[in-house]
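Here are the chains, one letter per residue:
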Amino acid sequence: MSKILLAEDDEMMRTFLAASLKRAGHDVQDFEDGETALAALEREVFDLLLTDIVMPGIDGIELARRGAELDPAMKIVFITGFAAVALASGTPTPAGAKILSKPFHLRELVEEVDRVIAA
């Protein structure tokens, strides 16, 4: 079982993603914005950060960058419908971060999370 921090501002999407990952046996803590997610990263150690890129306030790229500074061993997966646009902004992303583009099937999410954690 892996400990996952999920940051997603869309409540319905966050609920579905957290439920799927929990059913797959993961320990998931979910947050609706980057600020509260960052506070959790400052308090606890997670195996994986699963974050939307486009969020108000601290976006997913900044959250991942700051999370990687706190824990370089933490794996990172971005989930987004705007990957090309968001990543073209020039903001550096942590090395080894993966991207899962929306829309995706929940099974794909679980498989990608398992793959990243196992790597």
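Keep in mind the model is a prediction, meaning the values are calculated, not measured. (Residues numbered from 1 in each chain as written. Predicted model: local features only at pLDDT ≥ 70, side-chain atom pairs only at ≥ 80, totals over all residues. Heavy atoms only, no water.)

> Let's hear about the environment of alanine 118: which residues, and what values?
By secondary structure assignment, the location of alanine 118 is in helix H5 (residues 106–118). For alanine 118, a relative accessible area of 67% corresponds to the exposed category. As for alanine 118 and lysine 75, which are separated by 43 residues in sequence, their C-alpha atoms are 10.0 Å apart. (Helix = DSSP H or I, 4+ residues; strand = E, 2+ residues; numbered from the N terminus. Buried < 20%, exposed > 50% of the residue type's maximum accessible area, 1.4 Å probe, protein only.)

> An account of the environment of isoleucine 58 is needed here, citing residue identities and associated values.
Along the chain, isoleucine 58 turns up in the loop between strand E3 (48–52) and helix H3 (60–70). Put simply, isoleucine 58 and glutamate 35 are 23 residues apart on the chain and 6.1 Å apart in space, counted from C-alpha to C-alpha. Setting aside its immediate chain neighbours within four residues, isoleucine 58 contacts Gly34, Glu35, Leu38, Leu63 and Arg66. (Contact = heavy atoms within 4.5 Å.)

> Which residues make up the pairing of strand E4 (residues 75–80), and what values go with them?
Summarising burial for E4: five of the six residues are buried, a large majority. In this sheet, E4 lies alongside E3 in parallel orientation, the contact comprising five bridges. Directly across from threonine 51, in E4, lies its bridge partner phenylalanine 78. Regarding the hand of the β-α-β motif, the stretch spanning E3, H3 and E4 is right-handed. By the bridge criterion, four bridges tie E4 to strand E5 (residues 98–101) in an arrangement that is parallel. Of the residues in E5, the one forming a bridge with phenylalanine 78 is isoleucine 99. (Pairing = 2+ DSSP bridges. Right-handed = clockwise from strand over helix to strand, strands pointing away.)

> Which residues make up helix H1 (residues 11–23), and what values do they have?
Owing to its 3.6 residues per turn, the α-helix brings residues three or four apart onto one side. Counted at 1.5 Å a residue, the expected span for H1 with its 13 residues is 18 Å, and the 18 Å between its end C-alpha atoms agrees. Residues of H1 that are buried make contact with strand E1 (3–7), strand E2 (27–31), E3, E4 and H5. A distance of 3.1 Å separates the backbone nitrogen of methionine 12 from a side-chain oxygen at the start of H1, and that oxygen is part of aspartate 10. Glycine 25 occupies a position one or two residues after H1 and carries a positive phi of about 100°. (Expected span 1.5 Å × (residues − 1). Polar contact = N/O pair within 3.5 Å; in protein donor to acceptor, adjacent residues only side chain to side chain.)

> Kindly report on the sheet that holds E2, identifying the contributing residues and their values.
An order of E2-E1-E3-E4-E5 is seen for the five strands of this open sheet, with the pairing classed as parallel. The open sheet terminates on both sides in strands that have one partner only, identified here as E2 and E5. For this sheet the average axis-to-axis angle between neighbouring strands, irrespective of direction, equals 20°. Where H1 meets the sheet, its contacts fall on E1, E2, E3 and E4, and the angle it forms with E2 comes to roughly 170°. (Axes fitted to C-alpha atoms, helices over the stretch in contact; angles between N-to-C directions.)

> Explain the UniProt feature "modified residue: 4-aspartylphosphate" (unreviewed entry) in the protein residue by residue, including any values.
The sites that UniProt annotates as "modified residue: 4-aspartylphosphate" (unreviewed entry) are Asp52. Tracing the chain through its elements places aspartate 52 in strand E3. If sequence neighbours within four positions are ignored, aspartate 52 has contacts with Ala7, Glu8, Asp9, Gly60, Ile79, Thr80 and Lys102. (UniProt positions renumbered as here; feature names shortened; annotations may be inferred.)

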